[in-house]
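Commentary on secondary and tertiary structure
Listed below are the residues making up each chain.
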Amino acid sequence: MTPAHQKNFHTSNPEEATAINREIPEFAAAQISDEDKYFANHKPPSYLPEIKEELDKFIKYHLENTGKRIALVTSGGTTVPLENNTVRFIDNFSAGTRGATSAEYFLENGYAVIFLHREFSLLPYSRHYSHSTNCFLDYMTEVNGKIEIDPKYSEQMLHVYRKYHEAQDSNSLLLIPYTTVNQYLYTLKLISEELKPCTNKALFYLAAAVSDFFIPQSRMPQHKIQSSAATDGELVIRLAQVPKFLSRLVENWSSGAMIISFKLETDSSILIKKAKSALERYHHQLVIGNLLQTRKKEVVFVDLEHDDHWVRLTDEEVANGKEIESEMIPAVITLHNEWIKKSLA
Ligand code: 9Z3
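About the criteria used
- Residues numbered from 1 in each chain as written.
- Predicted model: local features only at pLDDT ≥ 70, side-chain atom pairs only at ≥ 80, totals over all residues.
- Heavy atoms only, no water.
- Near = heavy atom within 4 Å.
- Polar contact = N/O pair within 3.5 Å; in protein donor to acceptor, adjacent residues only side chain to side chain.
- Areas by Shrake-Rupley, 256 points an atom, 1.4 Å probe, with all protein chains shown as cover.
- Helix = DSSP H or I, 4+ residues; strand = E, 2+ residues; numbered from the N terminus.
- Expected span 1.5 Å × (residues − 1).
- Contact = heavy atoms within 4.5 Å.
- Buried < 20%, exposed > 50% of the residue type's maximum accessible area, 1.4 Å probe, protein only.
- Pairing = 2+ DSSP bridges.
- 1 Å grid on protein atoms, 1.4 Å probe; cavity = no way out; pocket = protein on both sides within 12 Å on 5 of 7 lines; lining within 4 Å.
- Points joined across faces, edges and corners; volume = space filled by probe spheres on them.
- Nonpolar A, V, L, I, M, F, W, Y, C, P; charged D, E, K, R; others polar.
- Bend = angle between axes of the 7 residues up to and from the residue.
- UniProt positions renumbered as here; feature names shortened; annotations may be inferred.
- Right-handed = clockwise from strand over helix to strand, strands pointing away.

Turning our attention to the site of the ligand. Around the ligand there are 15 residues in total, and S94, R98, K263, N290 and R295 lie nearest to it. Within the backbone of T97, a nitrogen or oxygen atom sits 3.4 Å from an oxygen atom of the ligand. Taking L264, its main chain carries an N or O atom lying 3.0 Å from an oxygen atom of the ligand. Burial of the ligand by the surrounding chains reaches 86%, relative to a free accessible area of 600 Å².

Written out as structure tokens, the structure reads:
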């Protein structure tokens, strides 16, 4: 589902002919940062200039016509290809529920949204009817040889449909896909640079679950790994660490924007400590902490100016279909208001 006015990009096919460049050294000069080293040694996706065009149009439109604030919402997992002609890859659990749901609440609250998402993960609005939990065919019924929306769902669907069209008609939602970590990083950098003119009106809401490890292009096999590559019945794969891009984003790629990252843990005893250490390390404005097991019913806001603040839903609220993002986004917007006020002072 790509809005009619938007070009369709596909990110899931590898660039077979050109993705590997064995000319470039695996390790560049020692004095440049890990982040710069990464971009020096990895090729950008070939479609990036087209994405830039779409971004230019979208951002210019809102700067000149609507004055809306713009939220960049990142969403979904990333793949780490093991081969250039990718048969196998490493992935993670994220379906993009947090990102797609949050994007809807930003739109409802008057923001324009750039939705940088893992291709084929959940999208704002269509998420209500896609993927295996809610097959869209279950919402249909046959009446006199014709297919219609089952009346028991039509009221709710009309509600979603209207909001979807409102977002489209007001040109408030730009969908930008990625599949691999490399595509994610290059596109995030591009969007950040494009958003510079929006200064403090821009909000970065980094909910994507980005892999910490990857295979550098210089070490990636061209073709499918053969079973003969195993030694003593084992295949050993060496992964490199993905550089920490948040500091670059805060220092160089954005200008005056409010930056929010997410911290995911599975051990509750280290969540807040890890969130605080991310804030101290990157000097951005807010970390939203969540545990894999309870992420749909509680999150914690951690920043350096307020006490830690839990947003929680009761079991009854969850059972009634309330979404935690309906509480999170207004709280985020209050902090964005404070951020704008502070940077004007
Ligand atoms: C999150 O923590 C998101 O809330 C979830 C959403 C990925 C848990 P779902 O897609 O899940 O709704 O099922 N995102 C960030 C996770 C992350 O990888 N953070 C990094 C870290 O924890 C920092 S950027 O180190």
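Moving on, we come to helix α7 (residues 271–282). Compared with an ideal rise of 1.5 Å per residue, which puts 12 residues at 16 Å, α7 spans 17 Å between its outermost C-alpha atoms and is within 8% of the ideal. On its buried side, α7 packs onto α6 (246–253), β11 (258–265), β12 (286–291), β13 (298–302) and β14 (309–312). Looking one or two residues beyond α7, the residue adopting positive phi is H283, at roughly 60°.

On to the pairing of β13, then. Burial runs high along β13: 5 of the 5 residues are buried. Burial along β13 is two-sided: the face carrying E298, V300 and V302 and the face carrying V299 and F301 are both buried. Relative to β13, β12 is paired through 3 bridges, and the arrangement is antiparallel. Considered in β13, the bridge of I288 is made with F301. Counting the residues between successive antiparallel strands, the hairpin from β12 to β13 contains 6 residues. The loop that links β13 with its antiparallel partner β14 comprises 6 residues.

On inspection of all chains with the given rule, the structure shows 1 cavity of 30 Å³ or more. Size it by volume and the largest cavity reaches roughly 40 Å³. For the largest cavity, the full set of lining residues is H62, L63, K68, I70, C198 and K201. Residue composition of the lining of the largest cavity, grouped by class: 3 nonpolar, 1 polar and 2 charged.

Its 19 residues place the ends of helix α4 (residues 151–169) 26 Å apart at the C-alpha level, agreeing with the 27 Å of an ideal helix rising 1.5 Å per residue. Along α4, the sharpest change in direction is near 30° and occurs at M157. Restricting attention to buried positions, one finds in α4 the residues M157, V160, Y164, A167 and Q168. Looking at the packing, one finds that the buried side of α4 touches α3 (97–108), β6 (146–149) and β7 (173–178). Looking one or two residues past α4, N171 carries a phi angle of roughly 50°, positive in sign.

Now for the environment of E234. If you trace the backbone, E234 turns up in the loop between β9 (213–214) and β10 (240–241). Residue E234 is classed as exposed on the basis of its relative accessible area, which comes to 52%.

As recorded in UniProt, the sites labelled "domain: DNA/pantothenate metabolism flavoprotein C-terminal" (unreviewed entry) are residues 197–298. The straight-line gap between the two end C-alpha atoms of residues 197–298 is 34 Å; of that span, 20% is helix and 24% is strand.

Moving on, we get to the pairing of β12. The buried fraction of β12 is high, at 6 of 6 residues. Of the two faces of β12, the one carrying L286, I288 and N290 and the one carrying V287, G289 and L291 are both buried. Pairing of β11 with β12, which is carried by 6 bridges, proceeds in the parallel orientation. Residue pairing across strands places F262 opposite I288, the latter belonging to β12. With α7 bridging β11 and its parallel neighbour β12, the resulting β-α-β unit is right-handed.

Positive phi values are uncommon outside glycine, yet T199 reaches one of about 40°. Mapped onto the secondary structure, T199 falls in the loop between α5 (181–194) and β8 (202–206). Classification of T199 by relative accessible area gives partly exposed; the value is 36%. Of note in this structure, H283 is not a glycine but carries a positive phi near 60°.

What follows deals with the environment of R88. Among the structural elements, R88 can be located in the loop between β2 (80–81) and β3 (89–90). The exposure class of R88 is partly exposed, given its relative accessible area of 35%. Measuring from C-alpha to C-alpha, the distance between R88 and S269 comes to 34 Å, with 181 residues separating the pair along the chain. Excluding anything up to four places from it in sequence, R88 contacts P81, L82, E83, K224 and I225.

Mapped onto the secondary structure, N200 falls in the loop between α5 and β8. Looking at N200, the relative accessible area reads 13%, which means it is buried. One polar contact links N200 to S343, side chain to side chain, over a distance of 2.9 Å. Excluding residues that lie within four positions of it along the chain, N200 makes contacts with S255, G256, A257, H336, W339, I340, S343 and L344.

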